[in-house]
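Notes for the structure review
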Amino acid sequence: MKKLVKSSQMPKFKYITSIVYDSCESDLPLVYIDYRPYAILKFSEHEEAENVKFQLNISGRMIDFGLSDKHYCPVALFHPSERESVMESFHNHFLDFFGTSVNYQWRTYNYKIPIPRLQNLSVCIRMDIPQEFEDMKNVDNFFSSCPVLKSIDLYFWAFESLSPESESIVYQVESIKINQFDRTVPAVLRNFQGRQAFMMCFLCEPLELIEFVNRWKSGEAFQNLEYLKIIPLHQEIPRDFFMTAIGARHIDGTRKPPTHTVPRVYVEYAHRSNTDPITSHSYVVRKSDNRVASVSIEDRTLSFGVWDKTEEEFLRMAD
């Protein structure tokens, strides 16, 4: 039966990009295909025997099922000691159906709940660190025990930063969205090693933004960067001074510049699967490989989009 289902559904499977375990509202996840609004599976602990509607063999393990009136999907039932092994059985089942080309994500808001270590699983977390915060130890424990951390949405208002070990992990995530009072705690703008950064800070000195661009141009840092957006909440970015200081080059005003956008590493909403477009006449060039980045300053926002193009290839794209 499984072979029949797989063979008949292969055309649909080709369009599936993600299996999402969403535990943002509960300690036990709902499972979604891609970013669709309806769950395909819910996990729940056994409460009463009459909740069991049927059983299925999932990766060699007989699992009890109920039905969810709220989510209109099957509910996998288990006893507390079986939590991780039941989830592993389902995960292996998904791997058998969809393979390793699909992105398997675990989303959570709770750093105190352990996340199972499953094959090819990456983690996306939202975390709030207020000014008066006294639980850094548990945050450090989460980072040290977490499977591959793919994305973090961090609200950081504390005056004391994370431990050096946790900071190092934060800087290495593929995508970070951070709201922070002090842009140096943690110092994401200086130390980020991932692909996409979305930053909002209380203050950010223009010289720090200039240093960021110049370090990218020299090839000293940010080699993996695809997209950066930074908004200083209480400070203007002096556009002319900034563009001059970074040595920006410009496409002729009579030509239409190409628009930069890339798929988001972390998709929160299905209708916003790509980064915000950057259409700018200004750009900079990296010395080491002649790659181009579009640079835009609008409404207190610096947008920086890296192209997989040399300057010559980039200019040919302009109308």
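Positions within a chain are numbered from 1, following the residues in the order the chain's sequence is written. Two thresholds apply to this predicted model, a pLDDT of at least 70 for residue-level local features and 80 or more for giving and counting side-chain atom pairs, whereas whole-chain, interface and lining totals are computed over all residues. Side-chain measures were taken over the full set of non-hydrogen atoms in the model, leaving aside hydrogen atoms and water.

Taking an unreviewed UniProt entry as the reference, the protein chain is identified by name as F-box associated domain-containing protein belonging to Caenorhabditis nigoni.

Turning next to the packing of aromatic side chains. Working definition: a ring pair exists when centres of Phe, Tyr or Trp rings (six-membered ring for Trp) sit within 6.5 Å. Plane angles under 30 degrees give stacked, over 60 give edge-to-face, the rest tilted. Within the structure shown, the criterion is met by 17 aromatic pairs. With a centroid separation of 5.7 Å and an interplanar angle of 70°, the aromatic rings of phenylalanine 142 and phenylalanine 143 are classed as edge-to-face. Assigned by exposure class, phenylalanine 142 and phenylalanine 143 land together as buried. Ring-pair connections join several aromatic residues into one group, and the members of that group are Tyr21, Phe94, Phe97, Phe98 and Trp106. Whether a charge sits over a ring depends on NZ of Lys or CZ of Arg being within 6 Å of the ring centre and within 35 degrees of the ring normal. Looking at arginine 126, its charged tip hangs above the ring of tyrosine 109, at a distance of 5.7 Å from the centre. Think of it in three bands: with a 1.4 Å probe and only protein chains considered, a residue is buried below 20% of the maximum accessible area for its type, exposed above 50%, and partly exposed in between.

The contact between helix H3 (residues 136-145) and helix H4 (residues 164-172) brings their axes to 9 Å, and the two run at 50°. Judged on the interaxial angle alone, H4 and H3 are oblique. Considering how the two elements wind past one another, H3 and H4 form a crossing that is left-handed. Mapping the contact onto sequence places Val139, Asp140, Phe143 and Ser144 in H3 and Ser166, Ile169 and Val170 in H4. Just so you know the grouping, Ala, Val, Leu, Ile, Met, Phe, Trp, Tyr, Cys and Pro go in nonpolar, Asp, Glu, Lys and Arg go in charged, and all remaining residues, Gly too, go in polar. Counted by class, the contact of H3 with H4 contains four nonpolar, two polar and one charged residues. To obtain an axis, a line is fitted to C-alpha atoms, over the contacting stretch when the element is a helix, and the angle between two such axes runs from 0 to 180 degrees between their N-to-C directions. Where helices and strands are cited, they refer to DSSP runs of H or I of at least four residues and of E of at least two residues respectively, numbered from the N terminus. Here the angle decides the label: under 35 degrees means roughly parallel, over 145 means roughly antiparallel, 65 to 115 means roughly perpendicular, and every other value means oblique. When the near helix sits turned anticlockwise from the far one by under a right angle, the crossing is termed left-handed; a clockwise turn instead gives a right-handed crossing. For this analysis, residues touch if any pair of their heavy atoms sits within 4.5 Å.

The next point concerns the side chain of serine 294. Position of serine 294 among the secondary structure elements: in strand E17 (residues 291-298). Residue classification places serine 294 among the buried residues on the basis of a relative accessible area of 0%. At 2.8 Å, the side chain of serine 294 forms a polar contact with the side chain of tryptophan 307. For serine 294, the contacting residues outside a window of four places in its chain are Ile278, Ser282, Tyr283, Ser303, Phe304, Gly305, Trp307 and Phe314. Polar contacts, as counted here, are pairs of nitrogen or oxygen atoms within 3.5 Å of one another; within protein the pair requires one atom able to donate a hydrogen and one able to accept it, and residues that are adjacent in sequence qualify only if both atoms are side-chain atoms.

On the secondary structure map, phenylalanine 78 appears in strand E6 (residues 74-78). In this structure phenylalanine 78 comes out as buried when scored by relative accessible area, which is 0%. Each C-alpha atom of the pair phenylalanine 78 and glutamate 226 lies 42 Å from the other, and the pair is 148 residues apart in sequence.

Attention now moves to a nonpolar patch on the surface. Without a salt bridge and with relative accessible area above 30%, a residue can belong to a patch; like charges are then joined within 9 Å and nonpolar side chains (Val, Leu, Ile, Met, Phe, Trp, Tyr) within 5 Å. Exposure was quantified through the Shrake-Rupley algorithm and a 1.4 Å probe, taking into account, for residues, occlusion by the shown protein chains and nothing else. When a carboxyl oxygen of Asp or Glu is within 4 Å of a side-chain nitrogen of Lys or Arg, the pair counts as a salt bridge. Taken together, the side chains of Met1, Leu4 and Val5 present a nonpolar region at the surface, about 340 Å² in accessible area. Among the structural elements, valine 5 can be located in helix H1 (residues 2-13). Given the relative accessible area of 31%, valine 5 is considered partly exposed.

Following both chains from N to C, one finds H1 and helix H2 (residues 83-98) inclined at 65°, their axes separated by 10 Å at the closest point. Our classification of the angle between H1 and H2 gives roughly perpendicular. Residues Lys2, Val5, Lys6 and Phe13 of H1 form the contact with H2, whose own contacting residues are His93, Asp96, Phe97 and Phe98. Each residue belonging to the contact of H1 with H2 can be placed in one class, and the counts come to four nonpolar, one polar and three charged.

To continue, consider the environment of arginine 83. Relative to the helices and strands, arginine 83 is located in helix H2. Residue arginine 83 is classed as buried on the basis of its relative accessible area of 17%. Along the primary structure arginine 83 and isoleucine 33 are separated by 50 residues, whereas in three dimensions their C-alpha atoms are 21 Å apart. When sequence neighbours within four positions are dropped, the list of residues in contact with arginine 83 reads Asp27, Leu28, Phe78, Ile113 and Pro114.

Moving on, we get to the nonpolar core. Here is a general trend for soluble globular proteins: nonpolar side chains tend to be buried in one another's company. Within the largest apolar cluster, 80 residues are counted, with the highest numbers of intra-cluster contacts made by Phe43, Phe90, Phe242 and Phe304. The leading source of residues in this core is H2, at seven residues. Setting aside residues up to four positions removed in sequence, phenylalanine 242 forms contacts with Leu209, Ile210, Val213, Ile237, Val295, Ile297 and Leu302. What is meant by a nonpolar core is a set of buried Ala, Val, Leu, Ile, Met, Phe, Trp, Tyr and Cys residues, joined one to another through side-chain atoms within 4.5 Å. The next biggest cluster of nonpolar side chains, apart from the first, holds seven residues, and it includes Tyr283, Val285, Val292 and Ala318.

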